[in-house]
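Below are the chains, spelled out letter by letter.
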Amino acid sequence: MGVTLKNLRKEFDSPDDRQAKVIAVDSINLEIKEGELVTLLGPSGCGKTTTLRMIAGFEIPTAGQVFLGDKDITNLTPDQRDTSMVFQNYAIFPHMTVADNVGFGLSLRKIPKAEIAQRVDSILELVGLAGLGKRMPDQLSGGQQQRVALARAIITEPKVLLFDEPLSNLDAKLREQMRLEIRRIQQHLGITAVYVTHDQGEAMAISDRIVVMNKGRIEQMGTPWEIYNRPRTSFVADFIGQVNFVEAEVVGSAPGKLDVKVWGKVITIDHEENLPVGSLVSLVLRPEAVHLGEAQAYATGVVNRVVYLGSVVEYDLIVQETNLHAVVSSPIEKGIRSVGDEVGVYFAPQVVHVIPA
Amino acid sequence: MLSTPAAGRRLRPVMQDLGRLLREPWLLISILLIFAMLGIFIILPLIKVVDMSVASDGSPFEIYTNLFKSWYMRRAFTNSLLMGALSALTSVVVGFILAYTVTRVNIPFKRLIDMIAIIPIISPPFVSSLSILLLFGNNGLITYNLFGIRNFPIYGIRGLLLAQTVTFFPVAYLSLKGVLEAINPALEDAAFDLGASRWTVFRKITLPLAVPGIASAMLVVFIESLADFGNPLVLAGSAFPTLAVQAYLQITGMYDLPGGAALAVTLLIPSITAFVLQKYWVSRKSYVTVSGKPTRSTVKAVGPVMRWVLFGFAMAICVIVLGFYGVIVVGAFSKAWGFDYGFTLRNFTYVLDVGFETILDTLTVAVTSTPISGLIGMFIAFLVVRKRFLGRSAMEFTSMLSFALPGTVIGIGYILAFNQRPFLLTGTLTILVANFVFRYVPVGIQNGIAALHQIDPGIEEAATNLGANSQTVFRRITLPLISPAFFSGLVFAFVRAMTAISAAIFLVSADWNLMTVQILNQVGSGRLGAAAAFSLLLVGIIVVAIIVIRLIVDRLFGVRFETRF
């Protein structure tokens, strides 16, 4: 079942001033389709967790509505909603065994014990914890606790799964493994999911769609491809991965095309909107799209800093008095430059994306 | 007025909270029920006492002015305050030195000190008075048998201060031990490391960090001393009147209910002042967070000489407490105190003969009020910490308030409030149970609140999220998680139901009598051996009960925990 948020708003009392309000979520609209995994992505304080908690029912919206399918669930308490949440710190009941934790939701629904035991076993199998049902939570590793939390959330077959930064307490390797696991299980069950994170890599890896939030508003929503390659604002471009904003001037336009002058050179790029000649724009240029030393260089830069990371080399270049960040992969093949070297700088016109300056 | 946008904005969260509550009728009903009970069993008696004390015609304070024209009553007032202040000082000094020794000094017998500190807490508060009579009274072991003195002046301030110190120092000890354990030893290590001497570390780091805890302990002992009824009744004598005793005598001796009520209200004022100071001022200044396991201290805080001094002090306290309670045991089995210390069971046969009904009554009251008090305490803690509703802080304040109400005030309030329809309860089991439940529930609430603050609310949210409503969350998640607090709340409720006297003495009847009242009667009529035997029985029942409660709680929740009071 899908989830729809209509003009959803949440204000909190300001801690400093009783009269003032802090707007945590600023009237957002969002439609999540059945079976989709949508990530709410943004820096801390952007309202993503508050939004998730309003879907779960832990926060009461100041205004607006939450729909599950066609049903308005805005005023239902959390226990009356068909949503299950995986909490940031897992929130595993410390006084119950793994099996009792996982079976908790079923036991509330008055399901016979034998059936609960059987379903718990099969879910534990699904999340890779077969045979650990008798353990107490404190006998599990962080990753295993995470799996218990996931198993507990999915066993009741909720309409929507909610994830509140579920991987933030795990180490980097485990995090990458678990996010694939979560995605696999979500797709296996075909369940609608909302996933909150501040980690853009996680969001890219796991999502059907990403919703980038900032200061309580939605900056942009789209597929990981769109968010990364066609960011609509500088905030989105900056938040997702590393980015260069290269200043350019519009010098001509044709339907779907734009001639811009960058570093004194005119190039033609794809752009839907018509922009008046003479207006200033920013070109979003990802560091890995910058090529060095090509014959058809647009400009010449001076290497200012070199960071060798093994699989890639990061360069800071000075190009016409502005800084340009470049990442060159496979240095063993392409060689490595030194500080002070002069290099030609080039990028393919189709990789850049225009946002208003 | 409600139509103005500002009012609407302010009203909306309240309406939303209410809307949520309406979706959980069970929760709403229990909140309303608790408010009703707090209103009936705490606020109503309080209002009745105040009302009675100003009920005459003419000037509203006529009763007070008449009462305090008498120098004797003025003396009672100053005596009570003086006693409270002195007891607070001595108890906290003893308690602090012991707590510091146990937490900071490497000495043997630490567990013994903990056990010693428990004994006065689980015995009736006036047992130390009984011991003092056995030791220093007319036939006293020390005064008469040792020195041959017959009329040693133990009655009055001296004996009372000794009795109250022995009774109340454990309260200070246990809370200050918690405070000192919670001070991060790394802070003291850091000061050592920067070149401070041991004395400087104590003076500049440890003591200042403990000051809020010390102030808080002092105020608590002050409140308890002010409310103390048994010790002054036994030991103060007519030359040293105190408010609690005078209020009782005014009512039972002179049948002057308004006068008794006025004395009770006079007692109430300093008590509530101290309570408000403790709750809203001192506790806010605390540097110590409630949470956290005790961290291991460096145990290098004192030099070798000081170590022996502190060890000696601690052992001396242990010997005194053991001596005090030892004479009760000896007294219970002695033929005639002061003259013939031969072994006898006569005291017990006598006590069982005259007091068997009373023992059954007392057990009925305690067994009935303990689970109610324990559950209400945990439930109020749960509501106050985890739920949002209009009047939440009023609920917390009211339920904690009864801690600051001297038993005398409550006792008089109960006979005034419940002597007519619709609340005709005087002389019944209900009035005794209600008294114990609501007088001693604050300790359970406080323990529950502290325990809840250490539990991630996400754990309860997870249960709600999986479909558990509030009562299921409370029963299956919250209560098991805070079961150590629940256990200590139950133990406290039981102990107090067995030992408290100041309010109960107004509420007992021919049908329902209590052991403490009987013990006091035995002391009053000079049968110290019988009183000792009675006290010993009572402590025995309490020890058995603690074990039983522990077994029940363990069985219910399948968890083991440390005993805490």
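Shown above is the structure to which this text applies.
My aim in this report is to walk through the structure given alongside it, one point at a time. Predicted model only: the values in this text are computed from it and were never measured.

Here we take up the overall build of chain B. The helix and strand tally for chain B stands at 24 helices and 4 strands. Overall, chain B is about 80 × 70 × 50 Å in size when its C-alpha atoms are taken along their principal axes. Relative to its full complement of 565 residues, chain B shows a buried share of 55%. When contacts within chain B are restricted to residue pairs at least 6 apart in sequence, long-range pairs at least 24 apart make up 79% of them. With 41 positive and 24 negative side-chain charges, chain B shows a separation of 6 Å between the mean positions of the two kinds.

Residue and element names in this part refer to chain A. As summarised here, the arrangement of the 6 strands in space is 6-7-8-3-9-10, forming an open sheet in which the pairing is mixed. Two strands bound the open sheet, and with one partner strand each, they are strand 6 (83-86) and strand 10 (217-222). Going from strand to strand, the sheet's axes swing by 20° on average, the running direction of each strand aside.

With that out of the way, let us pick up the sheet that holds strand 13 (residues 265-270) of chain A. Within a beta sheet, neighbouring strands are joined by backbone hydrogen bonds and run either parallel or antiparallel to one another. All names here are of chain A. Read across the sheet, 5 strands follow the order 13-12-11-14-20 without closing on themselves; strand pairing throughout is antiparallel. Among the strands making up the open sheet, the edge pair consists of strand 13 and strand 20 (353-356). Ignoring which end each strand starts from, the neighbouring axes of this sheet average 45° apart. In terms of strand pairing, strand 11 (residues 244-254) meets strand 14 (residues 280-285) through 6 bridges, oriented antiparallel. The partner of Glu247 across the bridge, within strand 14, is Ser282.

This part takes up the pattern of salt bridges. Residues and elements named next belong to chain A. Summed over the entire model, instances satisfying the criterion amount to 19 salt bridges over all chains. Between Lys48 and Glu165 there is a salt bridge, with its nearest N and O atoms 3.7 Å apart. Of this pair, Lys48 sits in helix 1 (residues 48-56) while Glu165 sits in the loop between strand 7 (160-164) and helix 5 (172-189), and the two are 117 residues apart along the sequence. Across the pair Arg53 and Glu59 runs a salt bridge, and its minimum N-O distance is 3.4 Å. There is no split in this pair, since Arg53 and Glu59 are both buried. Three or more residues joined by partner-sharing salt bridges are found here, namely Arg9, Glu11, Asp26 and Arg217.

Residue and element names in this part refer to chain A. Counted residue by residue, strand 14 has 5 buried out of 6 residues, so it is predominantly covered. Sheet topology note: the strand 14/strand 20 ladder contains 4 bridges and is antiparallel. Note that in strand 20 the partner of Val281 across the bridge is Pro356.

Quick notes on the rules
- Residues numbered from 1 in each chain as written.
- Chains lettered and ligands numbered in written order.
- Predicted model: local features only at pLDDT ≥ 70, side-chain atom pairs only at ≥ 80, totals over all residues.
- Heavy atoms only, no water.
- Helix = DSSP H or I, 4+ residues; strand = E, 2+ residues; numbered from the N terminus.
- Buried < 20%, exposed > 50% of the residue type's maximum accessible area, 1.4 Å probe, protein only.
- Contact = heavy atoms within 4.5 Å.
- Lys, Arg positive; Asp, Glu negative; His and termini not counted.
- Charge placed at Lys NZ, Arg CZ, Asp CG, Glu CD.
- Pairing = 2+ DSSP bridges.
- Axes fitted to C-alpha atoms, helices over the stretch in contact; angles between N-to-C directions.
- Salt bridge = Lys/Arg side-chain N within 4 Å of Asp/Glu carboxyl O.

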